[in-house]
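A look at the structure
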There are 2 protein chains.
Amino acid sequence: MSELDDGTLVSTRIRLARNLEGYPFPAHLKGEKQAKEIIRLISSGFNRLDDFVLYYMDGISEWEANALKENHLISPALMERRRLSAALINEDRSVSVMINEEDHLREQCILGGLRLDAAYRKISAIDGKIGRSIKFAYDEQLGYLTACPTNLGTGLRASVMLFLPALTINGSIREVVRSISRLGLTVRGVYGEGSEAEGYMYQVSNEVTLGVSEDEIISQVDEVARKLRSLESAERQRLKSGKSRLEVMDKCMRAYGVITNCAVLSSGELIALAADVKLGACLGFIPIREVSAIDELVMRMRPYNINLSAGRDLSPGERDVYRAEFVSSYIKKIAGAR
Amino acid sequence: MSELDDGTLVSTRIRLARNLEGYPFPAHLKGEKQAKEIIRLISSGFNRLDDFVLYYMDGISEWEANALKENHLISPALMERRRLSAALINEDRSVSVMINEEDHLREQCILGGLRLDAAYRKISAIDGKIGRSIKFAYDEQLGYLTACPTNLGTGLRASVMLFLPALTINGSIREVVRSISRLGLTVRGVYGEGSEAEGYMYQVSNEVTLGVSEDEIISQVDEVARKLRSLESAERQRLKSGKSRLEVMDKCMRAYGVITNCAVLSSGELIALAADVKLGACLGFIPIREVSAIDELVMRMRPYNINLSAGRDLSPGERDVYRAEFVSSYIKKIAGAR
């Protein structure tokens, strides 16, 4: 466990794309009736003993749907075709099965830390369960058939979210991204699409799904994530002791000062400040041990998640005040300040 | 006293310009010998019983001279003619008499708060004492003769330093400055010469020295200072309760967060942050009662004053670290934080 405590390996996501044999891909479905039939077929495999809830996208409020989207349990694409789509989500919200997204099935599992094997086992069990009641579109040569050819074969996307402040600050992230791309993997900033990732957050995932095995994909992503963690770790040592130590400490401590005192805090500013507070904690400047608590805080403070906590539809201005108050006392608490 | 506790009336300065009869103005002195003769003549009126110290400008280090300048005890002009100039400064540093500045004598008294009468009495006593041993250049028609005609007559400059955050933030300071100018008084930002005063600090002083009595000058400056204070006070009430309350609170609290947590702090940034912290204290957002302590802190944290406290010549980088540490713990202390 201690290996994972430096906050670098934030979370793991495994996603499988599947389609039903004998039905057109979702974009070509013949109206609502056929879409509902697919939803029924898939969800019929789940009974009351399973801890899954079926959400029809046209049966929940805009509010609920957006909160699910913020938590990455459903995708924007699923929301766009609300009349035709649904999602099965389990109780601890680690697994969601989107129905009639780009493919008939998008099965995903998200776990904290770097746990590709565990996430793959978990989603494979769900995949197997669904496969017992329906027949997947499968080709001996091409493997699982998908709406978009980039998902053919395994239908597997394995992703790891990483917190890479030191590599970002010293600029070496660019070179790192280039060399990872040459391995056939993709790295992108999680927040915003600029060259420098906001919040120092990056997602590494496989590009290729065809002609490789699930094990090969998972091993490769796992290996790259571990490599990135060790590069980041070395860079952090340099930040801690090098000539930029004071500058970085100042940046982190100012972020801590603002986040624990502000009266108004936007979602975007929270991402940036929380990242510097987390860096300060990782470097030992700020006495916060469980740095993953900061990641969870950022998730909980997204707009629709705040509405959910507050129990009502707050205006953006009200949310910024709610966020400032909540974040300020939460960070003070975990830092052991009064 | 309670009248002065809102931090608006920062300090009072009275300055008298005088010259000796029978000697050319300092700019036209015949060499060092004549300059030293004037210094001797003036200082001879002071004996060991007086709590004044005579500083020859060419007898003190660059370091000491700059610290005196930072504390407004000597002027940049006095430093420029170091070989010819001197200053008599009393123990509590409220009074300084500059010798061979633009005039042979520039006698000034600086007191905290709005205390024009007290400052004038104090400097008049010194002026009378000096006048007993030497003869001032005086003309029945023109009054005291000075190197620059703008000081003729009374030779008196009465100034008040004011902290006007609310009038600055709501922008009405511009109109206020215009109307004060029409009364023949000058208002200018204390830090920087931009349109918006850094640190919300302004100095009001008389423009005219000729054809008016000392009492008239002092009464007018006093009246304008009190008027400004009441305008500022009304504006603060509006800030506290109006729709900009949250925005102002956020600004002040962020300044407090940064000032109490930063690891590096420049002199210029301290002025800006301290002003917002002071505003926050004045509006009741930050639990600091003695807001004048913040003004004193800014003075003490000027570069040469820091060298003086540290007892050695710090580099600018070292000073910024020293300042951050000192200011952070000082502000926390007076705010009752740990």
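For the structure given in this document, a descriptive report is provided here. None of the values given here were measured: they were computed from a predicted structure. Per-chain numbering applies: the sequence of each chain, read as written, is numbered from 1 onward. Chains and ligands are labelled sequentially in the order written, the chains with letters from A and the ligands with numbers from 1. Since the coordinates come from a predicted model, pLDDT governs what is reported: local features require at least 70, and pairs of side-chain atoms require 80 or more to be given and counted, while whole-chain, interface and lining totals use all residues. Derived side-chain values reflect all non-hydrogen atoms in the structure, with water molecules and hydrogen atoms excluded from consideration.

This next bit is on the overall build of chain A. Counting from the N terminus, the helices are DSSP H or I runs at least four residues long and the strands are E runs at least two residues long. From N to C terminus, chain A includes twelve helices and ten strands. Only C-alpha atoms enter the radius of gyration; for comparison, a globular chain is expected to reach 2.2 Å times N to the power 0.38, where N is the number of residues. Taken over C-alpha atoms, the radius of gyration comes to 21 Å for chain A, in line with the 20 Å a tight globule of 338 residues would show. In terms of its C-alpha atoms, chain A occupies a principal-axis envelope of roughly 65 × 45 × 35 Å. Within chain A, the fraction of its 338 residues that count as buried is 53%. Restricting to contacts in chain A with at least 6 residues of sequence separation, those with at least 24 account for 69%. For chain A, the centre of its 45 positive side-chain charges and the centre of its 46 negative side-chain charges are spaced 3 Å apart. Three labels apply to residues, based on accessible area from a 1.4 Å probe with only protein chains included: buried if under 20% of the type maximum, exposed if over 50%, partly exposed otherwise in between. Here, residues are in contact when the closest pair of their heavy atoms is within 4.5 Å. Under this rule, positive means Lys or Arg and negative means Asp or Glu; His and the chain ends count for nothing. Taken as the charge location is NZ of Lys, CZ of Arg, CG of Asp or CD of Glu.

Glancing now at the interface of chain B and chain A. Of the residues lining the interface, 17 residues belong to chain B; the matching set on chain A comes to 17 residues. Here, a salt bridge means any side-chain nitrogen of Lys or Arg that lies within 4 Å of a carboxyl oxygen of Asp or Glu. The interface formed by chain B and chain A includes two salt bridges. Note that Arg254 of chain B is salt-bridged to Glu269 of chain A, the shortest N-O span being 2.6 Å. Polar contacts, as used here, are pairs of N or O atoms within 3.5 Å; protein pairs need one atom able to donate a hydrogen and one able to accept it. Residues neighboring in sequence count only if both atoms are side-chain atoms. The interface formed by chain B and chain A holds eight residue pairs in polar contact (both at pLDDT 80 or more) in total. Sort the elements by how many residues they give to the side of chain B that touches chain A and helix α8 (residues 245-259) of chain B lands first, with eight residues. Classifying every residue of the side of chain B that touches chain A gives eleven nonpolar, two polar and four charged. Amino acids outside the nonpolar list (Ala, Val, Leu, Ile, Met, Phe, Trp, Tyr, Cys, Pro) and the charged list (Asp, Glu, Lys, Arg) are all regarded as polar, and Gly is one of them.

This paragraph deals with the pairing of strand β3 (residues 86-90) of chain B. On a regular strand, one side chain projects to one face of the sheet and the next to the other, so that they alternate. All names here are of chain B. With five of five residues buried, β3 lies mostly within the body of the structure. Here β3 shows two buried faces, one formed by Ala86, Leu88 and Asn90 and the other by Ala87 and Ile89. Note: two strands are recorded as paired if DSSP finds a minimum of 2 bridges between them. The pairing of strand β2 (residues 52-56) with β3 spans five bridges and is classified as antiparallel. Across the sheet, residue Tyr56 finds its bridge partner in β3, namely Ala86. Bridge count between β3 and strand β4 (residues 95-99): four bridges; the pairing is antiparallel. In the strand pairing of β4, Leu88 is matched with Val97. Hairpin connection, β3 to β4: the antiparallel pair is bridged by four residues, and Arg93 has positive phi, about 65 degrees.

Right, let's get into unusual backbone geometry. Even without glycine at this site, Arg93 of chain A takes up a positive phi of about 65 degrees. Here Arg93 of chain A shows up in the loop between β3 (86-90) and β4 (95-99). We note that Asn100 of chain B has phi near 65 degrees; this positive angle belongs to a residue other than glycine. Within the element layout of this structure, Asn100 of chain B appears in the loop between β4 and β5 (105-112).

This part is about the packing of α8 of chain B against helix α9 (residues 267-282) of chain B. For any two helices packed against each other, one specifies the crossing angle of their axes together with the interaxial distance. Residues and elements named next belong to chain B. The axes used here are C-alpha line fits, helices contributing only the stretch in contact, and every angle between their N-to-C directions lies in the interval 0 to 180 degrees. Contact geometry for α8 and α9: axes closest at 8 Å, N-to-C directions at 125 degrees. Viewed along their axes, α8 and α9 adopt a mutual orientation that is oblique. α8 and α9 meet at a crossing whose hand is left-handed. Contact with α8, carried on its side by Val248, Lys251, Cys252, Ala255, Tyr256, Val258 and Ile259, involves Glu269, Leu270, Leu273, Ala274, Asp276, Val277, Leu279 and Gly280 of α9 and no other residues of that element. When its residues are assigned to classes, the contact of α8 with α9 shows eleven nonpolar, one polar and three charged. Note that the term roughly parallel is reserved for angles under 35 degrees, roughly antiparallel for angles over 145, roughly perpendicular for angles of 65 to 115, and oblique for everything else. For any helix crossing, the convention is left-handed if the near helix is rotated counterclockwise from the far helix by under a right angle, and right-handed if that rotation is clockwise.

Turning our attention to the packing of aromatic side chains. Think of it this way: a Phe, Tyr or Trp ring, Trp meaning its six-membered ring, pairs with another when their centres are within 6.5 Å, and the plane angle makes it stacked under 30 degrees, edge-to-face over 60, tilted otherwise. Inspection of the entire model under this criterion finds twelve aromatic pairs over all chains. Centroid distance Phe136 of chain B to Tyr144 of chain B: 6.1 Å. Interplanar angle 75 degrees. Geometry classified as edge-to-face. Geometrically, the ring pair formed by Tyr322 of chain B and Phe326 of chain B is stacked, given 6.3 Å between the ring centres and 10 degrees between the ring planes. With Tyr322 of chain B and Phe326 of chain B both in helix α12 (residues 316-334) and four residues apart, the pair spans about one turn of that helix. Assessed through its relative accessible area of 23%, Phe326 of chain B is described here as partly exposed. Aromatic rings pair up to connect Phe136, Tyr138 and Tyr144 of chain A into one cluster. We call a charge positioned above a ring when the Lys NZ or Arg CZ atom is no farther than 6 Å from the ring centre and deviates by at most 35 degrees from the ring normal. One cation-aromatic arrangement involves Lys129 of chain A over Phe46 of chain A; the distance from NZ or CZ to the ring centre is 5.6 Å. Between Arg18 of chain B and the ring centre of Phe136 of chain B, over which it is positioned, the NZ or CZ distance is 5.9 Å.

Residues and elements named next belong to chain B. An ideal rise of 1.5 Å per residue puts 26 Å on 18 residues; helix α4 (residues 116-133) measures up with 26 Å between its terminal C-alpha atoms. Along α4, the residues classified as buried are Leu116, Ala119, Tyr120, Ile123, Ile126, Asp127 and Ile130. Along the axis of α4, the buried residues cluster in a sector spanning 130 degrees; they form a single face. Facing away from the buried side of α4 by over 90 degrees, the exposed positions are Arg121, Ala125 and Arg132. One less than the number of residues in a helix, times 1.5 Å, gives the span that helix is expected to have. In this description, one arc is meant: the one made by directions from the helix axis to the C-beta atoms.

Within the fold, Glu64 of chain B resides in helix α2 (residues 62-70). Spatially, the C-alpha atom of Glu64 of chain B lies 26 Å from that of Ser328 of chain B, the residues being 264 residues apart in sequence.

Residues and elements named next belong to chain B. Tallying each qualifying case throughout the model produces 40 salt bridges over all chains. A salt bridge links Asp222 to Arg226, with the nearest nitrogen and oxygen atoms 2.8 Å apart. You can see Asp222 and its partner Arg226 sitting in helix α7 (residues 214-241), four residues apart, about one turn around the helix. With a relative accessible area of 37%, Arg226 lands in the partly exposed category. Between Lys278 and Asp295 there is a salt bridge; the shortest N-O distance is 3.0 Å.

In this section: the side chain of Gln203 of chain B. Residues and elements named next belong to chain B. Locating Gln203 in the fold gives a position in strand β10 (residues 198-206). On the basis of relative accessible area, Gln203 is assigned to the buried category, the value being 16%. Once residues within four sequence positions are removed from consideration, Gln203 is found in contact with Ser159, Val160, Met161, Thr186, Val187, Arg188 and Val190.

Time to look at the relation of the copies chain B and chain A. Least-squares superposition of the copies uses the C-alpha atoms of those residues scoring a pLDDT of at least 70 in each of them. Under the fitted operation, chain B is carried onto chain A by 0.0 Å of movement along the axis and a turn of 180 degrees, and the coordinates agree to an RMSD of 0.0 Å. Interpreted geometrically, this transformation is the action of a two-fold axis. For chain B, the minimum C-alpha distance to the rotation axis belongs to Gly257 of chain B and amounts to 1.9 Å. Same-surface contact between copies: 100% of interface residues of chain B are shared with the interface of chain A.

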